[in-house]
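As a plain string of letters, each chain reads:
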Amino acid sequence: MRILVVDDDDVVTEIVGDVLARFGHHVTTARSGREALELMRSGTYRLVILDWEMEEMSGIELCRHIRQRYSCSYVYIIMLTVRRGTENIVEGLNAGADDFISKPFEPQELCVRIRAGERILALDSRELTIFSLAKLAESRDQETGAHLERIREYCRIIAGHLSRQEKFRAQVDSEFVQLIYMTSPLHDIGKVGIPDRILLKPSALTWEEFEIMKQHAVIGSKTLDAAVDVHPEAKFLCMARDIARSHHEWFDGSGYPDGLAGESIPLCGRIVGLADVYDALTTKRVYKKAYSHDVARDIILEETGTHFDPDIVRAFIENENLFVKIREQFLAREEFEALSLLQSQAKFIPELLTAPEFFPERMIPAGAMGGKS
Amino acid sequence: MGQRISDSAQKDGDSSRDGATESPNGDVFNSVELLNRCMGDRGLVDRVLNKFRSRFPGEMEEITNALKQGDADRVARVAHRVKGTAASVSAKRLFQAAADVEDASRTGRLEDVLPSIERLREEWEKCLHEAEAMSSLEHAEQAVISDLQRV
């Protein structure tokens, strides 16, 4: 973790810097609030330890500046001070500090409190990153909205099933299930780098176009890998990266982009791979109609051991009723939302009320047809 | 405010005395506590004490100048800084002396501050002497270790 220590006492910065380095942190020191704010412009520091009493700008003022300037990503602030008492703690917390450590500090206590800060930061960066990336992906392809939601439900079912199997118990725990639910919507994030003429093409892709399309796995994983470099402690980013890169790998090694085979394909990628294909088969796309669950199941069974991991297929088959239920739930929701949209538009465009192909007469609210019925 | 800081300073003094380890250097430094804070690294202790020794004369000069100018607030701020440093190197009597200067100067009556500044200076002299002794001892130990390694 990169930590900025702000104190005009070089004795303190010497000890704190050395101790934190021993616990594996990268420490930068600043002797004043002004110097600290200048260093923070780089966006590198998300955890700041600061003294209360400093010349020119006090720790309290520095806290307020940080809170005013850095609202996009959270900066965790620990005050290291000889001040004590409820009044001081309240004043510090009001200014935006997250925690207090008394001078003289104890190394173990300091590190435990930093770990608490890291946990808060991990939550913050996880939610922000997933939300912003998923929204970005959604904006490129109108069809993918519910796809992302279905995918994560399918993944949760498979991962939940595996967590109860002896073979996967050590690898798949409740955290894994939660992480795959959270990160699977990012599997196609790399498609933001694919041109519209290919991504939205209604017919089959040419060989050249498919080669470009395949790049989305690499683009997505590289993007997420850059985030992993900054937040190596964030497990969700690691899983999101692995999923983005490996969800098109085939169990027999004939997939892309790396041609991985068997268990060398990350488990999360093998799970998302099946969920993604099932959803693609059972929903309408610009280039194909929707297949029934039975047809999709037969295709998946046929590709067991070639495309799909037999263990994942087994989890799918043993939970196929849940897959069908989820698909139906989302289908009903989409139909309801489409109908609601048309109804709201019809209030402004009366001609729509006479277009039965878009608006079946039986579903028009009573009285809405007026004199035209 | 002054009273509250004084109370907390007293508590700090008490907490230092409550430490499980007995300081080999009497009341001037709790070297065991300092060594623990420095994760057992005697080299770090040495570097920290060097910084501590080199900084204090400047702090004393600043307090003296502020006193001459009748700037009680500045005296309090510098004393507070010395207090923080003293806490970090486990110099508990220096810490208490600095806390007394800070408290006295917060009242605004600088004539009351003079005795506590004198005590601060005395405690500093003791710290300087003890820090040099600790450093010499450290170097002597290192020399012995080095000699033994050559045997």
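Residues numbered from 1 in each chain as written. Chains lettered and ligands numbered in written order. Predicted model: local features only at pLDDT ≥ 70, side-chain atom pairs only at ≥ 80, totals over all residues. Heavy atoms only, no water.

A separate point is helix 11 (residues 267-282) of chain A. Taking 1.5 Å per residue as the helical rise, helix 11 of chain A with its 16 residues ought to reach 22 Å, and the 23 Å between its terminal C-alpha atoms agrees with that figure. The buried fraction of helix 11 of chain A amounts to 16 of the 16 residues, a majority that puts the element mostly inside the structure. (Helix = DSSP H or I, 4+ residues; strand = E, 2+ residues; numbered from the N terminus. Expected span 1.5 Å × (residues − 1). Buried < 20%, exposed > 50% of the residue type's maximum accessible area, 1.4 Å probe, protein only.)

Here the focus is the side chain of Thr 283 of chain A. All names here are of chain A. Residue position: Thr 283 is located in the loop between helix 11 and helix 12 (293-302). Residue Thr 283 is classed as buried on the basis of its relative accessible area, which comes to 12%. Polar contacts involving the side chain of Thr 283 include one to the main-chain carbonyl oxygen of Asp 279, which spans 2.5 Å. When residues no more than four places from it in sequence are discounted, the contact partners of Thr 283 are Arg 150, Lys 288, Lys 289 and Ala 290. (Polar contact = N/O pair within 3.5 Å; in protein donor to acceptor, adjacent residues only side chain to side chain. Contact = heavy atoms within 4.5 Å.)

Turning to the environment of Phe 100 of chain A, a few remarks are in order. All names here are of chain A. Position of Phe 100 among the secondary structure elements: in strand 5 (residues 99-102). For Phe 100, a relative accessible area of 14% gives the class buried. Along the chain, Phe 100 and Ile 89 lie 11 residues apart, while their C-alpha atoms are 7.4 Å from each other.

It is worth spelling out the interface of chain B and chain A at this point. Each partner contributes residues to the interface: chain B has 27 residues there, and chain A has 23 residues. When the buried area of chain B at its contact with chain A is split by residue, Arg 37, Met 39 and Lys 51 of chain B rank highest and sum to 25% of it. Connecting chain B to chain A are 10 residue pairs in polar contact (both at pLDDT 80 or more). Breaking the side of chain B that touches chain A down by element, the ones donating at least two residues are helix 1 (2-17), helix 2 (31-37), helix 3 (42-68), helix 4 (72-88) and helix 5 (92-106) of chain B. Per-element accounting of the side of chain B that touches chain A gives the leading share, nine residues, to helix 4 of chain B. Tallied by class, the residues present in the side of chain B that touches chain A amount to nine nonpolar, six polar and 12 charged. (Buried area = accessible area lost by both parts, 1.4 Å probe. Nonpolar A, V, L, I, M, F, W, Y, C, P; charged D, E, K, R; others polar.)

On to the packing of aromatic side chains. Residue and element names in this part refer to chain A. Applying the stated criterion across every chain yields a total of 10 aromatic pairs over all chains. Note on Tyr 278 and Phe 323: the rings are 5.2 Å apart at their centroids and 90 degrees apart in plane angle, and the pair reads as edge-to-face. A residue pair is termed long-range when its members are at least 10 positions apart, and Tyr 278 in helix 11 and Phe 323 in helix 14 (residues 320-346) qualify at 45 residues. Since its relative accessible area comes to 0%, Phe 323 is described here as buried. (Phe/Tyr/Trp six-rings, centres within 6.5 Å; stacked < 30°, edge-to-face > 60°.)

Here the focus is the environment of Met 182 of chain A. Residues and elements named next belong to chain A. Topologically, Met 182 is positioned in helix 7 (residues 174-183). For Met 182, a relative accessible area of 19% corresponds to the buried category. Taking the C-alpha atoms as reference points, Met 182 and Phe 236, separated by 54 residues in sequence, lie 7.8 Å from one another.

Time to look at the nonpolar core. Counting residues in hydrophobic clusters, the biggest one holds 57 residues, and the most contacted among them are Leu 20 and Ile 49 of chain A together with Phe 29, Phe 52, Leu 94 and Leu 120 of chain B. At 10 residues, helix 3 of chain B tops the list of elements feeding residues into this core. Excluding its chain neighbours within four sequence positions, the residues that come into contact with Leu 94 of chain B are Phe 52, Phe 56, Ala 86, Leu 120, Glu 123, Trp 124 and Cys 127 of chain B. By size, the runner-up hydrophobic cluster in this structure holds 47 residues, among which are Leu 133, Phe 176, Ile 180 and Ile 243 of chain A. (Core = buried A, V, L, I, M, F, W, Y, C linked by side-chain atoms within 4.5 Å.)

Bringing the environment of Arg 106 of chain B into the picture now. Residues and elements named next belong to chain B. Relative to the elements of secondary structure, Arg 106 occurs in helix 5. On a C-alpha basis, the gap between Arg 106 and Ala 72 in space is 6.8 Å, while along the polypeptide they are 34 residues apart. Separated by 2.8 Å, the side chains of Arg 106 and Glu 102 make a polar contact.

Moving on, we get to unusual backbone geometry. A cis amide bond links Lys 103 of chain A with the next residue in sequence, Pro 104 of chain A, at an omega value of 0 degrees. Along the polypeptide, Pro 104 of chain A turns up in the loop between strand 5 and helix 5 (107-140). Phi is positive for Glu 56 of chain A, which is not a glycine, with a value near 65 degrees. On the secondary structure map, Glu 56 of chain A appears in the loop between strand 3 (47-50) and helix 3 (59-69). In this structure, Met 39 of chain B is a non-glycine residue whose phi angle is positive, near 55 degrees. Using a relative accessible area of 31% as the deciding quantity, one classes Met 39 of chain B as partly exposed.

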